[in-house]
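# Reading the structure
Single-letter residue listing:
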Amino acid sequence: MAVQIKRKTKLKFSIPTASMPDIIFQLLIFFMVTTVLREYTGLQVTLPEAKKIEKLESKRNVSTIWIDQKNRIVIDDVTVKYEKLTELRNIAYQKLVDNPRLIISLRVDEGADMGVVIDVQQELRKANTLRVNYSALQQVG
Amino acid sequence: MAILNKRQKEDVEIPSSSLADIAFLLLIFFLVCTTIDVDKGLKLVLPPPDVTQEQIHKKNILNVLINDVGEVLLDNEIVNVRDIERIVRDKMAENDKLIISLKTTRLTKYRIYIEVLDQLKRADATRISIAEPEEV
(Lines give C-alpha, C1' and ligand atoms only; values in the text may rest on other atoms or scores of the structure.)
Protein backbone atom coordinates (compact mmCIF):
# COMPACT_ATOMS: atom_id res chain seq x y z
CA MET A 1 0.00 0.00 0.00
CA ALA A 2 2.16 2.62 -1.19
CA VAL A 3 0.86 5.90 -0.35
CA GLN A 4 1.50 8.19 -3.17
CA ILE A 5 1.82 11.66 -2.09
CA LYS A 6 1.27 13.92 -5.00
CA ARG A 7 2.70 17.22 -4.35
CA LYS A 8 0.79 19.72 -6.21
CA THR A 9 2.71 22.68 -5.01
CA LYS A 10 5.70 22.71 -7.27
CA LEU A 11 8.15 25.29 -6.13
CA LYS A 12 9.14 27.61 -8.90
CA PHE A 13 12.77 28.27 -8.39
CA SER A 14 15.05 29.87 -10.92
CA ILE A 15 17.95 32.24 -10.96
CA PRO A 16 17.20 35.24 -13.11
CA THR A 17 19.52 35.13 -16.11
CA ALA A 18 18.41 38.23 -17.85
CA SER A 19 21.24 40.31 -16.52
CA MET A 20 23.90 37.73 -17.17
CA PRO A 21 25.26 39.41 -20.33
CA ASP A 22 25.60 42.64 -18.44
CA ILE A 23 27.62 40.97 -15.75
CA ILE A 24 29.81 39.31 -18.33
CA PHE A 25 30.37 42.58 -20.10
CA GLN A 26 31.30 44.27 -16.89
CA LEU A 27 33.79 41.54 -16.16
CA LEU A 28 35.20 41.84 -19.65
CA ILE A 29 35.59 45.56 -19.32
CA PHE A 30 37.14 45.20 -15.90
CA PHE A 31 39.81 42.82 -17.18
CA MET A 32 40.39 44.90 -20.30
CA VAL A 33 41.03 47.95 -18.20
CA THR A 34 43.20 46.31 -15.60
CA THR A 35 45.35 44.21 -17.92
CA VAL A 36 48.68 45.80 -18.53
CA LEU A 37 50.50 44.52 -21.55
CA ARG A 38 54.14 44.61 -20.70
CA GLU A 39 55.68 46.41 -23.56
CA TYR A 40 58.80 48.45 -23.76
CA THR A 41 59.05 51.29 -26.16
CA GLY A 42 62.78 51.08 -26.62
CA LEU A 43 64.53 53.20 -29.16
CA GLN A 44 63.40 54.61 -32.44
CA VAL A 45 64.76 52.30 -35.08
CA THR A 46 64.14 51.67 -38.74
CA LEU A 47 64.17 47.95 -39.16
CA PRO A 48 65.69 46.37 -42.23
CA GLU A 49 63.59 44.39 -44.66
CA ALA A 50 63.86 40.72 -45.35
CA LYS A 51 61.81 38.11 -47.10
CA LYS A 52 62.34 34.85 -45.32
CA ILE A 53 61.20 35.95 -41.92
CA GLU A 54 59.54 33.88 -39.28
CA LYS A 55 57.24 34.69 -36.44
CA LEU A 56 58.49 34.43 -32.94
CA GLU A 57 56.45 31.73 -31.33
CA SER A 58 55.84 33.27 -27.96
CA LYS A 59 56.27 36.73 -26.62
CA ARG A 60 56.77 35.38 -23.17
CA ASN A 61 60.27 34.17 -23.89
CA VAL A 62 61.44 37.21 -25.73
CA SER A 63 63.66 39.98 -24.49
CA THR A 64 64.41 42.78 -26.82
CA ILE A 65 67.59 44.68 -27.45
CA TRP A 66 67.42 47.90 -29.37
CA ILE A 67 70.39 49.41 -31.11
CA ASP A 68 69.90 52.65 -32.93
CA GLN A 69 71.89 54.60 -35.44
CA LYS A 70 73.81 56.45 -32.76
CA ASN A 71 74.93 53.13 -31.29
CA ARG A 72 72.80 53.46 -28.21
CA ILE A 73 71.84 50.15 -26.66
CA VAL A 74 68.73 49.39 -24.67
CA ILE A 75 67.76 46.00 -23.31
CA ASP A 76 64.08 45.79 -22.36
CA ASP A 77 64.04 48.87 -20.14
CA VAL A 78 67.67 49.30 -19.22
CA THR A 79 70.05 51.52 -21.09
CA VAL A 80 73.50 50.06 -21.44
CA LYS A 81 76.45 52.23 -22.29
CA TYR A 82 78.56 51.02 -25.17
CA GLU A 83 81.66 51.40 -23.04
CA LYS A 84 80.17 49.19 -20.34
CA LEU A 85 78.92 46.30 -22.39
CA THR A 86 79.77 43.77 -19.70
CA GLU A 87 76.63 44.94 -17.92
CA LEU A 88 74.71 43.55 -20.85
CA ARG A 89 76.24 40.16 -20.24
CA ASN A 90 75.05 40.18 -16.63
CA ILE A 91 71.56 41.32 -17.57
CA ALA A 92 71.29 38.75 -20.33
CA TYR A 93 72.58 36.03 -18.06
CA GLN A 94 70.09 36.96 -15.35
CA LYS A 95 67.29 36.84 -17.86
CA LEU A 96 68.44 33.46 -19.09
CA VAL A 97 68.46 32.13 -15.54
CA ASP A 98 64.92 33.38 -15.07
CA ASN A 99 63.81 31.84 -18.31
CA PRO A 100 65.97 29.18 -19.95
CA ARG A 101 64.01 29.40 -23.17
CA LEU A 102 64.96 32.99 -23.69
CA ILE A 103 65.16 34.40 -27.16
CA ILE A 104 66.80 37.73 -27.72
CA SER A 105 65.14 39.85 -30.31
CA LEU A 106 67.55 42.29 -31.85
CA ARG A 107 65.85 45.37 -33.14
CA VAL A 108 68.71 47.09 -34.82
CA ASP A 109 68.52 50.13 -37.02
CA GLU A 110 69.41 49.34 -40.59
CA GLY A 111 72.03 52.05 -40.54
CA ALA A 112 73.83 50.80 -37.46
CA ASP A 113 77.39 49.58 -37.72
CA MET A 114 78.03 45.88 -37.46
CA GLY A 115 80.77 46.60 -34.93
CA VAL A 116 78.21 47.33 -32.23
CA VAL A 117 76.10 44.37 -33.23
CA ILE A 118 79.13 42.11 -33.12
CA ASP A 119 80.10 43.38 -29.68
CA VAL A 120 76.58 42.83 -28.42
CA GLN A 121 76.59 39.35 -29.89
CA GLN A 122 79.88 38.56 -28.21
CA GLU A 123 78.41 39.55 -24.86
CA LEU A 124 75.35 37.45 -25.56
CA ARG A 125 77.53 34.50 -26.41
CA LYS A 126 79.46 34.93 -23.19
CA ALA A 127 76.17 35.04 -21.31
CA ASN A 128 75.21 31.87 -23.15
CA THR A 129 72.06 33.39 -24.57
CA LEU A 130 72.52 31.96 -27.98
CA ARG A 131 69.10 32.16 -29.53
CA VAL A 132 68.71 35.45 -31.27
CA ASN A 133 66.29 36.84 -33.74
CA TYR A 134 67.04 39.74 -36.01
CA SER A 135 63.82 41.69 -36.23
CA ALA A 136 62.95 42.64 -39.76
CA LEU A 137 60.01 43.87 -41.72
CA GLN A 138 58.40 41.88 -44.45
CA GLN A 139 59.88 42.83 -47.78
CA VAL A 140 57.28 43.54 -50.37
CA GLY A 141 57.81 42.43 -53.92
CA MET B 1 -15.97 67.32 -24.96
CA ALA B 2 -15.25 63.74 -24.54
CA ILE B 3 -12.43 63.89 -27.02
CA LEU B 4 -10.20 65.67 -24.58
CA ASN B 5 -10.48 62.82 -22.27
CA LYS B 6 -8.64 60.58 -24.61
CA ARG B 7 -5.40 59.74 -23.01
CA GLN B 8 -2.75 60.33 -25.54
CA LYS B 9 -0.06 58.52 -23.74
CA GLU B 10 2.08 56.72 -26.26
CA ASP B 11 4.70 54.37 -25.15
CA VAL B 12 7.94 55.78 -26.48
CA GLU B 13 10.73 53.35 -26.00
CA ILE B 14 13.91 52.54 -27.78
CA PRO B 15 13.95 48.87 -28.61
CA SER B 16 16.77 47.40 -26.64
CA SER B 17 16.43 43.79 -27.55
CA SER B 18 19.02 44.05 -30.31
CA LEU B 19 21.52 45.90 -28.17
CA ALA B 20 23.41 42.74 -27.41
CA ASP B 21 23.61 41.90 -31.09
CA ILE B 22 25.01 45.30 -31.89
CA ALA B 23 27.55 44.98 -29.12
CA PHE B 24 28.61 41.61 -30.42
CA LEU B 25 28.93 42.90 -33.95
CA LEU B 26 31.15 45.68 -32.72
CA LEU B 27 33.18 43.23 -30.70
CA ILE B 28 33.66 40.96 -33.71
CA PHE B 29 34.54 43.90 -35.92
CA PHE B 30 37.32 45.00 -33.59
CA LEU B 31 38.47 41.44 -33.07
CA VAL B 32 38.90 41.01 -36.79
CA CYS B 33 40.47 44.38 -37.39
CA THR B 34 43.00 44.34 -34.60
CA THR B 35 46.40 43.12 -35.56
CA ILE B 36 48.64 42.48 -32.65
CA ASP B 37 52.11 43.53 -33.59
CA VAL B 38 54.09 40.33 -33.62
CA ASP B 39 57.80 40.28 -33.70
CA LYS B 40 59.07 38.80 -36.90
CA GLY B 41 62.58 38.29 -38.02
CA LEU B 42 65.44 36.05 -38.96
CA LYS B 43 66.28 33.44 -36.40
CA LEU B 44 69.82 32.49 -35.69
CA VAL B 45 71.63 30.53 -33.05
CA LEU B 46 74.93 32.03 -32.08
CA PRO B 47 77.92 29.77 -31.66
CA PRO B 48 78.62 28.88 -28.03
CA PRO B 49 81.23 31.02 -26.28
CA ASP B 50 84.29 28.90 -25.61
CA VAL B 51 83.93 26.57 -28.50
CA THR B 52 87.02 24.61 -29.16
CA GLN B 53 88.16 25.40 -32.61
CA GLU B 54 86.58 22.59 -34.46
CA GLN B 55 88.58 21.47 -37.37
CA ILE B 56 86.28 21.52 -40.28
CA HIS B 57 87.57 20.54 -43.59
CA LYS B 58 88.29 23.60 -45.59
CA LYS B 59 86.31 22.55 -48.57
CA ASN B 60 83.21 22.29 -46.41
CA ILE B 61 83.33 25.94 -45.51
CA LEU B 62 81.95 28.68 -47.61
CA ASN B 63 83.32 31.99 -46.54
CA VAL B 64 81.06 34.95 -46.92
CA LEU B 65 82.64 38.27 -46.16
CA ILE B 66 80.95 41.60 -46.26
CA ASN B 67 83.40 44.44 -46.39
CA ASP B 68 83.24 48.05 -45.27
CA VAL B 69 81.57 49.35 -48.38
CA GLY B 70 79.00 46.60 -48.47
CA GLU B 71 80.49 44.39 -51.14
CA VAL B 72 79.93 40.71 -50.64
CA LEU B 73 82.74 38.30 -51.22
CA LEU B 74 81.88 34.65 -51.63
CA ASP B 75 85.14 32.76 -51.28
CA ASN B 76 87.03 35.91 -52.22
CA GLU B 77 84.96 36.63 -55.27
CA ILE B 78 82.81 39.71 -55.39
CA VAL B 79 79.22 38.80 -56.09
CA ASN B 80 75.97 40.62 -56.38
CA VAL B 81 73.81 40.34 -53.28
CA ARG B 82 70.89 39.10 -55.34
CA ASP B 83 72.92 36.24 -56.76
CA ILE B 84 73.88 34.82 -53.40
CA GLU B 85 70.80 32.67 -53.12
CA ARG B 86 71.43 30.95 -56.43
CA ILE B 87 75.14 30.46 -55.87
CA VAL B 88 74.71 29.12 -52.35
CA ARG B 89 71.97 26.79 -53.52
CA ASP B 90 74.27 25.41 -56.21
CA LYS B 91 77.12 24.97 -53.79
CA MET B 92 74.90 23.24 -51.27
CA ALA B 93 73.70 20.89 -53.93
CA GLU B 94 77.30 19.98 -54.66
CA ASN B 95 78.27 19.56 -51.04
CA ASP B 96 75.67 18.78 -48.43
CA LYS B 97 78.07 19.26 -45.56
CA LEU B 98 78.60 22.87 -46.41
CA ILE B 99 78.88 25.30 -43.55
CA ILE B 100 78.54 28.94 -44.26
CA SER B 101 80.74 31.25 -42.32
CA LEU B 102 79.44 34.76 -42.36
CA LYS B 103 81.90 37.45 -41.53
CA THR B 104 81.58 41.19 -41.52
CA THR B 105 83.86 44.04 -40.75
CA ARG B 106 83.11 46.47 -37.99
CA LEU B 107 82.02 49.16 -40.38
CA THR B 108 79.61 47.09 -42.39
CA LYS B 109 76.11 48.44 -42.28
CA TYR B 110 73.55 46.25 -40.58
CA ARG B 111 71.19 46.46 -43.54
CA ILE B 112 73.62 44.65 -45.85
CA TYR B 113 74.20 42.00 -43.22
CA ILE B 114 70.48 41.30 -42.95
CA GLU B 115 70.16 41.26 -46.72
CA VAL B 116 72.88 38.65 -47.01
CA LEU B 117 71.46 36.63 -44.14
CA ASP B 118 68.09 36.75 -45.81
CA GLN B 119 69.61 35.51 -49.03
CA LEU B 120 71.23 32.63 -47.19
CA LYS B 121 67.94 31.78 -45.50
CA ARG B 122 66.22 31.86 -48.85
CA ALA B 123 68.72 29.34 -50.11
CA ASP B 124 67.57 27.15 -47.20
CA ALA B 125 70.97 27.25 -45.61
CA THR B 126 70.66 26.03 -42.06
CA ARG B 127 74.23 25.79 -41.03
CA ILE B 128 75.23 29.38 -40.76
CA SER B 129 78.01 30.42 -38.49
CA ILE B 130 78.95 33.88 -37.41
CA ALA B 131 82.62 34.58 -37.44
CA GLU B 132 84.29 37.30 -35.47
CA PRO B 133 85.93 40.01 -37.48
CA GLU B 134 89.64 40.26 -37.45
CA GLU B 135 90.73 42.90 -35.02
CA VAL B 136 92.30 45.78 -36.81
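These figures come from a predicted structure and were not determined experimentally. (Residues numbered from 1 in each chain as written. Chains lettered and ligands numbered in written order. Predicted model: local features only at pLDDT ≥ 70, side-chain atom pairs only at ≥ 80, totals over all residues. Heavy atoms only, no water.)

### Quick word on the overall build of chain A
Across its full length, chain A holds 3 helices and 8 strands. By the compact-globule yardstick of 14 Å for 141 residues, chain A is too spread out, its C-alpha radius of gyration being 27 Å. C-alpha atoms of chain A, sized along the principal axes, occupy 100 × 40 × 30 Å. With 141 residues in all, chain A has 40% of them scored as buried. Within chain A, contacts between residues at least 6 apart in sequence are counted, and of these 74% link residues at least 24 apart. For chain A, the exposed surface amounts to about 9,900 Å²; the carbon and sulfur share of it is 56%. Where the 22 positive side-chain charges of chain A centre and where its 16 negative ones centre are 17 Å apart. (Helix = DSSP H or I, 4+ residues; strand = E, 2+ residues; numbered from the N terminus. Rg over C-alpha atoms; globule rule 2.2 N^0.38 Å. Buried < 20%, exposed > 50% of the residue type's maximum accessible area, 1.4 Å probe, protein only. Contact = heavy atoms within 4.5 Å. Areas by Shrake-Rupley, 256 points an atom, 1.4 Å probe, with all protein chains shown as cover. Lys, Arg positive; Asp, Glu negative; His and termini not counted. Charge placed at Lys NZ, Arg CZ, Asp CG, Glu CD.)

### With respect to helix 2 (residues 86-98) of chain A
Residue and element names in this part refer to chain A. Across its 13 residues, helix 2 extends 19 Å between first and last C-alpha, which sits within 8% of the 18 Å expected from 1.5 Å per residue. Listed in full, the buried residues belonging to helix 2 are L88, I91, A92 and L96. The arc enclosing the buried residues of helix 2, seen along the axis, measures out at 135°, which places them on a common side. The outward face of helix 2, more than 90 degrees from its buried face, is lined by the exposed residues N90 and D98. In this fold, the buried residues of helix 2 make contact with strand 3 (62-67), strand 4 (73-75), strand 5 (78-80) and helix 3 (114-126). (Expected span 1.5 Å × (residues − 1). Arc of directions from axis to C-beta.)

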